Amino acid sequence: MAAGSLGAFWNRWYERFTRFHLRLAAACFLAGAVFVIAVSQHSGASSSPNACPGRPDDLVIGTGAEIGAGGVRHDVIKEWNDEQRKLKKKPLKATLVEISESSDEQRSELAAAAQSKRCAYDVLLLDVAYITEFARADYLEKFELDPEKLGGIPERYFLRQSLGTGQVDGERFAVPFAADAPLLYRRTDVPAPPPQDTKRFLELAKEHGYAAQFDDYEGGTVNLLEAILSAQDQKAQDQKARDQKARDQKADDGPVVVDDRGDVVLDEDGNGKKVMDALGAWRDALFTVKDDTRTLRDESVLREESSLQAFRTGRVGYMRNWPFAFNRLAADPLMRDDDGTLRFQVLSFPGTGVLGGVDLAIAKDSPHKEEARDLIYYLVSEDVQERLFACAGYPPVVAALYERYERSGTARTCGELASEGADGAARPAERDTEITGGQLARFAREVHQAVDHARPRPMSAYYATFSQVFRSCLLPVATTTSGAAPDFRHFSDALRDALNGRLRSDDPCRSPAQAG
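Just so we're clear, the structure is a prediction, and the values are computed from it rather than from any experiment. Each residue is numbered by its place in its chain's sequence as written, counting from 1. For a predicted model such as this one, the threshold for reporting local features is a pLDDT of at least 70, and the threshold for listing and counting side-chain atom pairs is 80 or more; totals across whole chains, interfaces and linings nevertheless cover every residue. Just so you know, side-chain values use all the structure's heavy atoms and leave hydrogens and water out.

## Remarks on helix 14 (residues 382–392)
(1) Moving on: Counting buried positions over the 11 residues of helix 14 gives nine, a clear majority of the element.
(2) Moving on: Any residue under 20% of the maximum accessible area for its type is buried, any over 50% is exposed, and the rest in between are partly exposed; the area is computed with a 1.4 Å probe on protein chains only. Helix and strand assignments follow DSSP, with helices taken as H or I runs no shorter than four residues and strands as E runs no shorter than two, numbered in order from the N terminus. Buried within helix 14 we find Val 384, Gln 385, Glu 386, Arg 387, Leu 388, Phe 389, Ala 390, Cys 391 and Ala 392.

Laid out in structure tokens, this is it:
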């Protein structure tokens, strides 16, 4: 074969060989790509936020510690699980995970879980103060209420004040679970009469002793706000008493921290001095004066749990506390006479209360959103809400229950509810400490009034930061004789920054002398 012909032959052979291998390589590449896509889709399905690999296939409820006696929340969850087993072949088991008694610690844990996207919880029980934060951070699933599941329109089913706590920027993210607002507890075995207003109460508290929750946690912030708001409303009452023509006018000369637009105004219109005067009046109720020396009556009167014990043991005649304290005290034999009569009375808070409570919400990364939704409707049903109220002291959010309990002779006790149940799962109190229908009816009336008249805390995605700065400067003013007035212009700027998520590195509580 000639050299030219041989060269042409090898060229044709090489082209055919190259085209064959290119087609083979392309085929292999396509086959590999299909395989990779299939595997990645399968892998993506199992590692998506809705799959949550590694966690138990349960319906997990993140909540604070049980406040009532008898573990009633666990009872109603057990009944839910029993009912689901009857209805479904492979039901999800609902499980309560109790985080802490402190709302601050609950918030921290639930926020950390949401940030990590580890699918730790399906349903969250959130303090109403943190709904805005969690909603705007996209930690919560939107929740549109279904009137059919509630047996009526939501605005009539729920308490008005409680229903509003779950809305953020015009959309609903949470459903009311338990209402909350402050009450005044008065011992009836000491001559401590019921006060008619804030001014009279502060006079009586100096004589008979007073316990509250001025401590470094969210409860301390709430107590401070109530002292300030109460002074504002007392000013309005005094003005109207002086001037009958002003009956329908609102006095504006009381202390204001945040105005109706959500702006901090502590450094305007003399509000700083008014706040100092208001907190000074409440501080005087916590102290005693002997030999011209003012001393704190008892350190325990400033803590949540120990304030309860100070009242229980008779060291003080009055106590500001939340509704949960009613069941705790009523179940205590020391708080009853031999005939079962309670040794204390529950009254409306002699001032302006701050709205509290907890709401139910669905975690954004929950893999069981539909089941979570069904569980929430169960927990806000009339039957469950009545059990939680009568047996554990959780103030209901269902308006019809207040109507029922406030009507004479229609209030059902925990024992009566247990006897009506199919398996008597509710654990009633012992016979000699059973809360009667009449006692529950009076309690319901006071709670209803307290919630209706309470005011909300500032709505902000950074409320927790605001609360921290606010109480860091004002708690010493309300609880010590050496607490100096802050520089209210600097303090107000720090609060404005806090409401925008910025925590200053300098001291927000510096005194006017330091500022100068």
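Still to come is the rest of the account.
## Details of the sheet that holds strand 11 (residues 318–321)
(1) Moving on: Strand order in this open sheet of four strands is 8-11-7-12, and the pairing throughout is mixed. Edge strands, defined here as strands with exactly one partner in the open sheet, are strand 8 (210–211) and strand 12 (344–348).
(2) Moving on: Strands were regarded as paired on the criterion that DSSP finds at least two bridges between them. Two elements, strand 7 (residues 183–187) and strand 12, share five bridges in a ladder whose sense is antiparallel. Counted as the bridge partner of Leu 183 is Ser 348 from strand 12.
(3) Moving on: In this analysis, two residues are considered to be in contact whenever any of their non-hydrogen atoms come within 4.5 Å of each other. Comment: axis = line fitted to C-alpha atoms, over the contacting stretch for helices; angle = value between 0 and 180 degrees taken between N-to-C directions. Contacts from helix 8 (residues 198–208) reach strand 7, strand 8 and strand 11 within the one sheet, and its direction differs from that of strand 11 by about 120°.

## Some remarks on the packing of aromatic side chains
(1) Moving on: Between rings of Phe, Tyr and Trp, where Trp is taken as its six-membered ring, a pair exists when centres lie within 6.5 Å; planes separated by under 30 degrees are stacked, by over 60 edge-to-face, and by other angles tilted. With the rule as written, the count across this model stands at 20 aromatic pairs.
(2) Moving on: Relative to Tyr 378, the ring of Trp 80 has its centre 5.5 Å away and its plane inclined at 40°; by these criteria the two rings are tilted. With Trp 80 in helix 2 (residues 72–87) and Tyr 378 in helix 13 (residues 369–379), this residue pair connects regions lying 298 residues apart in the sequence. For the pair Trp 80 and Tyr 378, one class covers both residues: buried.
(3) Moving on: Between the NZ or CZ atom of Arg 107 and the centre of the ring of Tyr 130, over which it lies, the distance is 5.9 Å. Definition used: whenever NZ (Lys) or CZ (Arg) falls within 6 Å of the ring centre and also within 35 degrees of the ring normal, the charge is taken to sit over that ring.

## Concerning the packing of helix 8 against helix 10 (residues 271–286)
Axis angle and axis distance: for two packed helices, these are the angle between their axes and the distance between the axes, and together they describe the pair.
(1) Moving on: At their nearest, the axes of helix 8 and helix 10 sit 7 Å apart, and the two run at 30° to each other. Put simply, helix 8 runs roughly parallel to helix 10. Where helix 8 crosses over helix 10, the handedness of that crossing is left-handed. Each of Thr 198, Phe 201, Leu 202, Ala 205 and Lys 206 in helix 8 lies in contact with helix 10, whose residues at this interface are Ala 281, Trp 282, Asp 284 and Ala 285.
(2) Moving on: Each residue is assigned to one of three groups, with Ala, Val, Leu, Ile, Met, Phe, Trp, Tyr, Cys and Pro labelled nonpolar, Asp, Glu, Lys and Arg labelled charged, and all others, Gly among them, labelled polar. Tallied by class, residues from the contact of helix 8 with helix 10 come to six nonpolar, one polar and two charged. Here the word oblique covers every angle except those under 35 degrees (roughly parallel), over 145 (roughly antiparallel) and from 65 to 115 (roughly perpendicular). For a crossing to be left-handed, the near helix must be turned anticlockwise from the far one by less than a right angle; the clockwise case is right-handed.

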